[in-house]
Amino acid sequence: MLENPRRFVIAMSLATTAGFASLIPAGADEVPQDKIELCTSCHGEAGLPPQPEVPIIWGQHFYYLYVQLRDYKAGRRANEVMQGIVEDLSKADMKALATHFSEKQWPETSYRSEATAAAKGETAASAGQCPQCHLGGYEGNSRVPRLNGQTVPYLTRTMLEFKTKVRRNSPAKSSLMVSYSDEDIENMAKYLAGL
Amino acid sequence: MRKKSVTGLATSVAFAALLSFTGSAVAEEVSGGTTYGDMSLVTQDMLTRAGGDGNNFLHTNGNYAQTRYYPARQINTSNVNKLRPAWIFQTEVVETMETTPIVVNGVMYVTTAFNHVYALDAKTGKQIWHFKHKMGPITTYCCGPNNRGVAIYGDRIFMGTLDAKLLALDTKTGKLLWEKQIANPELGYSETMAPSVVNGKVLIGTNGGEYGVRGFVKAFDWKSGDLLWTFHSTAENSVGVWATHDATGRDMLRDIEAEKAALAKLGDPYKTLGGGVWQNPAVDLDKNRIYFVAGNPSPDLDGSLRPGDNLYTNSLISVDLETGKYICHFQYIAHDVWDLDAVSPPILTKVKDNDGNTVDGVLHAGKTGHVYVHKADDCSLIRYSEAMVPQENMWVLPTKEGARMLPGANGGVEWSPMAIDASLGLTYAINLHQPMTYHVESTPYPEGKLWLGGAFKVIPGEQQWGNVTAVDYHTGKIRWKVKTEQPMIGGILATAGGLVFTGEGNGQFKAYDSETGSELWRFQAGAGVNAPPSSYTVDGKQYIVVAAGGNTQLNYKRGNNIIAFTLAD
C-alpha cells in the first residue's frame, strides 16, 4: 500500500528548518502522488527495490537524495533511467520527494556477506578512510549517503562509475575510486551491503 | 607547601558559596539548577585570571594563553596512583567525542557529536539540563560530526554547530537565547570548534578547507549575537612571495613558472581557497591581540588551480581584538599540496630567543611533526623543534598513482591542543605516525561538495603508531618521548602536580610524570579517549575529567562517557 503523501511529518520538518533560503525545502509542498507511485515502481513499494541494480532510497538522507536528483537533472550524474525521470521535476518536487523518502524506514535486506570478501572490503575501505565521512557503521549523514545494507549490484556499479567518471557528481569520490582495483570495489560493496 | 594553599583556596570558595544561600530549596527554584546559586555568573575578570584559578576550568584550553596548565596540585606524582572514577555520565549520543568540559563553580558543561549540550553537577555527575540542537538538513564535516565544547561568559554559554550556526544558551536552564547563521552550510561551512569569549566578543572561525570555503574568524556581540567584525583568512592578494622553501628550509618543489602562468589565466584564487580556522585563538589582553592558525588551502592536493603562496593558509596569524585588522603572519608551508595544515591551537608563553633574551613567544605544533616557536611581536620564527615523528620523502609532490610521504595528512600533530609546563620550559604534544600515499587529480570547484583534488590513502601494510612528546621550547630539543600503540588524537593537560594526562584510541587514559615521561597511572575507559582532559576542584577535592567517546576520523571505538576522576579516600 502507498503511504499517504500528505503525512504531517513532512510538513513539520519543512516548517522547522531555517536558515539559507536556497537550501531549505521550500514551503509545505505537497508530495506529488503520481510521482511517488512512479518512484516506488522501481525503488520498491516497501523500500526494497525488486531489482537489486536499483538503489534503496527509503530512509536515505534528505540532502543527499535531493542533491542526486538535482545532479541527474543537471547531467552531472549520468544515468539514462533517472535522467528521464527527473526531466520534468521542479526544484520543489525534488525537495518534496527527497523529504518523503528520507522519512521512510530503511528496509531490511536478506543479504549476508561472505567473510573473506567482507574482510578484504573492510581493509580496502579503511585505507580510503571511508568512515571519516560515512561515519561509524556507514550510517552517513546529511550530504553523505548511508551505505550499510545498500544493494551489492548498485554499490558496485556506482563505485565503478565514479572510477570511470560516468558518475561525475562527487569528484573526490572519483579520485579515490581510481586508486582501487575493480576487485577491491567489489569487495567493498559486499562488505558494506552486509553491515 | 603550595599544595595546601590551592586546596585551601578551593575549600574557602566552596564555603563562601554555601554561605551565599541556604538549603536545597534554592536549588529547586532553578529546577535542579546550579548548586551554587548566583556564582554561576562568569565575569571577564574570572576569564582573565583563569590561569591561576584552581577551582574552575573556564576555557577550552584552560586560559587565554591556552597553556592547558592547571594550577592545582592536590593530585600529584606521589598520589596519582590512587586516582579513581568519581562518577561516569553517559550521554545520549554514542559517537566521536572531542569536547573539553568547562567547569564553573561546581557545574560542568559538555557537548557531544551532533551538538547536544549537557550541564552536570561536577561533584556527582548528575544531569542538570540537556540541550539538543535542532539541526538543519545540511551539515558538513570532513572528519566526524564533532564538537569541541562551549565557551562561557555572564549567564550564557556559546556553541557552534554542524549547520554553521552560533548559539547562545542560558547557563541555568539550557534555554536557547539566540542563534545566528555564521555562513552558508550548502557551500561547506560548518562549526566544530568551541568558541572563545573575550571582552564581550564571541570569537569563532570555520571548518571547510575540504570544500573550497573562504576561511575566516568572526567576532559576535555576546548579548545580541550581532556580527562585529570578520577577518578573512585568505587574503584578497593571496599570491605572496613565491616561497620555494618551507619554514624549516626544505625545497617544496614548486613549479613557479607554471604557477605564474596559471595566475595570469585564472586570477587570484582567494574566494575558494579554504584556510579554515578551526581551533581557538590565544588572546593577549595586554596588547589586545589574538593569535590563531589557518588551515590548508582548497583543493587539498591540487595546486594547479590555486597558484601562489595561498596566503594566509597554513599560517600563524595575529589580528587586533577590537577590529579584526591584520597585524602579522608567518606561513609554514606555502602552496601546500599535502593537507599538512596548521590547526593545533597556539600557546602564548615567554620563550628564549636565539640571543638568549626572554621574549613573548607563541608556540604551535604542526602536522609536520615540528613545534614552531615564534616571536609574538611580529610572528617571526625563532626556531622549530626536532621532528617528533618520522619524516620521509618531504616534499614529494602528489602523483596520479600516489606518492608515499611521511608524515601522512593527519600529522604529526592534528587538531590536538598541546599543554605546557612553563616551570620546566616544556611543551607536550601528542602525535600520529600514519604512512599515506598522496594522489592528485585536478577537478574544478564543485560548488560546496567535497573538493580534495585527489585522495589520501593510508597504506594498509604499514605499521601505525603514536607518541607523547615533551619538547624544550627554549632549545627545540626533545626532552622525552613515549610511544603509543595507536596514532594519537585528542589533547593533553599538564598540572601543577607534576603530571600530564592524555588518552588513546584503545581506551587507555594515562598520567605521566611531566618531567620524565614515566607512566604513573592508567585507566581503561572502554572507548577511545580522544578528547582534551580538564581539571577542577569542588568542595576541596580536585578532579580530572575527560570524555571517552572514540573518534570518527581514526575510527576508534565509540562511546558516550564523561568520566570524572578523583583521589580515593
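All residue numbers here refer to positions counted from 1 along the written sequence of the relevant chain. Just so you know, chain letters begin at A and ligand numbers begin at 1, following the order they were written in. Reporting in this predicted model follows two pLDDT cut-offs: at least 70 for local features of residues, and 80 or more for side-chain atom pairs to be given and counted; totals over whole chains, interfaces and linings ignore these cut-offs and use all residues. Computation of side-chain values: all heavy atoms of the structure, hydrogens and water removed.

Undergrad: Even after reading the chapter, I still don't get the overall build of chain A, so can you show me in this structure?
TA: In this text, helices come from DSSP runs of H or I with a minimum length of four residues, and strands from runs of E with a minimum of two, each type numbered from the N-terminal end. Each helix and strand counted, chain A has ten helices and zero strands in total. Along chain A, helices and strands appear, N-terminal first, in the series α-α-α-α-α-α-α-α-α-α. Between two residues, a contact is recorded if the distance between any of their heavy atoms is within 4.5 Å. If you take every contact in chain A between residues at least 6 apart in sequence, the share linking residues at least 24 apart comes to 68%.

Undergrad: When you look at the interface of chain A and chain B in this model, what are you seeing that I'm missing?
TA: Often, the extent of an interface is quoted as the loss of accessible area on bringing the components together. On the side of chain B, 40 residues touch chain A, which itself brings 37 residues to the contact. As used here, buried area is the combined drop in accessible area, with a 1.4 Å probe, of two parts when they are placed together. Carbon and sulfur atoms supply 55% of the area that chain A and chain B bury against each other, a total of about 3,100 Å² over both sides. Each reported salt bridge corresponds to a side-chain nitrogen of Lys or Arg within 4 Å of a carboxyl oxygen of Asp or Glu. Our enumeration of links across chain A and chain B arrives at three salt bridges. The residue B:E186 makes a salt bridge to A:R70 at a minimum N-O spacing of 3.7 Å. Within 3.5 Å is the distance limit for a polar contact, defined as a pair of N or O atoms, with the added protein rule that one can donate a hydrogen and the other accept it, and that residues adjacent in sequence qualify only through two side-chain atoms. Inspection of the region where chain A meets chain B yields 17 residue pairs in polar contact (both at pLDDT 80 or more). Within the residue set of the side of chain A that touches chain B, elements represented by two or more residues are α3 (62-74), α6 (115-127), α7 (131-134) and α9 (171-178) of chain A. Here the side of chain A that touches chain B gets six residues from one element, more than from any other, and that element is α9(A).

Undergrad: What am I meant to see in the environment of B:T139 here?
TA: Topologically, B:T139 is positioned in the loop between β6 (127-132) and β7 (151-153). Each C-alpha atom of the pair B:T139 and B:F220 lies 22 Å from the other, and the pair is 81 residues apart in sequence. With residues near it in sequence (within four places) discarded, B:T139 still touches A:N141, A:S142, A:R143, B:L162 and B:D163.

Undergrad: Would you explain the domain arrangement of chain A in this entry?
TA: All names here are of chain A. Looking at the assigned domains, one finds that chain A contains domain 1 (5-102) and domain 2 (115-193). Contact residues are listed per partner, giving 16 residues for domain 1 and 20 residues for domain 2. For the domain 1 and domain 2 pair, buried surface summed over both sides reaches about 1,500 Å², with 47% attributable to carbon and sulfur atoms. Considering only the side of domain 1, the residues that lose the most area to domain 2 are H61, Y64 and R77, jointly responsible for 31% of the buried surface there. Taken together, the links from domain 1 to domain 2 amount to zero salt bridges. Our count for the contact surface shared by domain 1 and domain 2 stands at 17 residue pairs in polar contact (both at pLDDT 80 or more). Nonpolar residues are Ala, Val, Leu, Ile, Met, Phe, Trp, Tyr, Cys and Pro. Charged residues are Asp, Glu, Lys and Arg, and all others, Gly as well, are polar. Tallied by class, residues from the side of domain 1 that touches domain 2 come to seven nonpolar, five polar and four charged. For the purposes of this description, domain bounds are those given by an automatic or database domain assignment.

Undergrad: Is there a simple way to explain the confidence of the model for chain B in this structure?
TA: When pLDDT is low, close inspection of the predicted coordinates is not appropriate. Residue and element names in this part refer to chain B. The score called pLDDT rates the predictor's confidence residue by residue, from a low of 0 to a high of 100. Scored by pLDDT, chain B has a mean of 93; 93% of the residues are at 70 or more. Here residues 1-37 is modelled with pLDDT under 50, and outside its nearest four sequence neighbours on either side it reaches 40 contacts, counting other chains as well. Scored as a whole, the predicted complex attains pTM 0.89, and scored at its interfaces, ipTM 0.80.

Undergrad: Explain the sheet that holds strand β21 (residues 371-375) of chain B here, please?
TA: In any sheet, the strands associate via hydrogen bonds between backbone groups, in a parallel or an antiparallel arrangement. Residue and element names in this part refer to chain B. Only strands that DSSP links by at least two bridges are regarded as paired with each other. As summarised here, the arrangement of the four strands in space is β19-β20-β21-β22, forming an open sheet in which the pairing is antiparallel. Looking along the sheet, the strands with just one partner apiece sit at the ends: β19 (347-352) and β22 (381-384). Strand after strand, the sheet turns through a mean of 35 degrees between neighbouring axes, direction not considered. Bridge count between strand β20 (residues 358-365) and β21: five bridges; the pairing is antiparallel. Within β21, the position partnered with L363 by the bridge is V373. Lines fitted to the C-alpha atoms define the axes, with helices restricted to the stretch that makes contact. Angles between their N-to-C directions range from 0 to 180 degrees.

Undergrad: Before we go on, may I ask you to explain helix α8 (residues 152-164) of chain A in this structure?
TA: Residues lying three or four places apart along an α-helix face the same way, a consequence of the helix completing one turn every 3.6 residues. All names here are of chain A. An ideal rise of 1.5 Å per residue puts 18 Å on 13 residues; α8 measures up with 18 Å between its terminal C-alpha atoms. Buried residues of α8: V152, Y154, L155, T156, T158, M159, E161 and F162, and no others. Where the residues of α8 are buried, they touch α3, α9 and α10 (182-193). Between a side-chain oxygen at the N-terminus of α8 and the backbone nitrogen of Y154 the separation is 3.4 Å; the capping residue is T151. Of the residues flanking the end of α8, it is K165, one or two places downstream, whose phi is positive at about 65 degrees. The length a helix should cover is 1.5 Å for every residue beyond the first. Here's how the labels work: a residue is buried when its accessible area is under 20% of the maximum for its type, exposed when over 50%, partly exposed in between, all with a 1.4 Å probe on protein chains only.

Undergrad: Honestly, the pairing of strand β35 (residues 541-548) of chain B in this entry has me stumped. Any pointers?
TA: One face of the sheet, then the other: side chains in a regular strand alternate in exactly this way. Residue and element names in this part refer to chain B. Counting buried residues in β35 gives seven out of eight residues, a clear majority hidden from the surface. The turn linking strand β34 (residues 534-538) back onto β35 is made up of two residues, and D539 within it adopts a positive phi angle of 50 degrees. Here β35 pairs with strand β36 (residues 561-567) via five bridges, running antiparallel. Across the sheet, residue A547 finds its bridge partner in β36, namely I562.

Undergrad: Sorry if this is basic, but what is going on with unusual backbone geometry here?
TA: Residue and element names in this part refer to chain B. Following M394, the chain continues into W395 via a peptide bond in cis, with omega recorded as -5 degrees. The omega torsion across G411 and G412 is 20 degrees, close enough to zero to call that bond cis. Here G412 is to be found in the loop between β23 (403-405) and β24 (419-421). One non-glycine residue with positive phi stands out, namely W242, at about 55 degrees. Turning to its location among the elements, W242 is positioned in the loop between β14 (227-232) and α4 (256-266). Look at W242 and you get buried, because its relative accessible area is 19%. Although it is not a glycine, H335 adopts a positive phi angle of roughly 55 degrees. Mapped onto the fold, H335 is located in the loop between β18 (326-331) and β19.

Undergrad: In this structure, what is going on with the confidence of the model for chain A? I would like to understand it.
TA: Predicted confidence across chain A gives a mean pLDDT of 86, with 85% of residues reaching 70 or more. Confidence over residues 1-28 of chain A falls short of pLDDT 50; this stretch has 52 contacts with residues more than four positions distant or in other chains.

Undergrad: Please clarify how the nonpolar core should be interpreted in this entry.
TA: Soluble globular proteins tend to pack their nonpolar side chains together in the buried interior. All names here are of chain B. Put simply, a nonpolar core is a bunch of buried Ala, Val, Leu, Ile, Met, Phe, Trp, Tyr and Cys residues held in one set by side-chain atoms that sit within 4.5 Å of each other. In this structure, Y109, W129, F158, W338 and Y438 are the most contacted members of the largest nonpolar core, which totals 89 residues. Sorting elements by how many residues they give to this core places strand β16 (residues 289-294) first, with five residues. For W129, the residues in contact, after removing those within four places along its chain, are Y109, V117, Y118, A119, I157, L169, D170, T171, K172, T173 and G174. F89, L120, V529 and V545 belong to the second-largest nonpolar core, a separate cluster that totals 38 residues.

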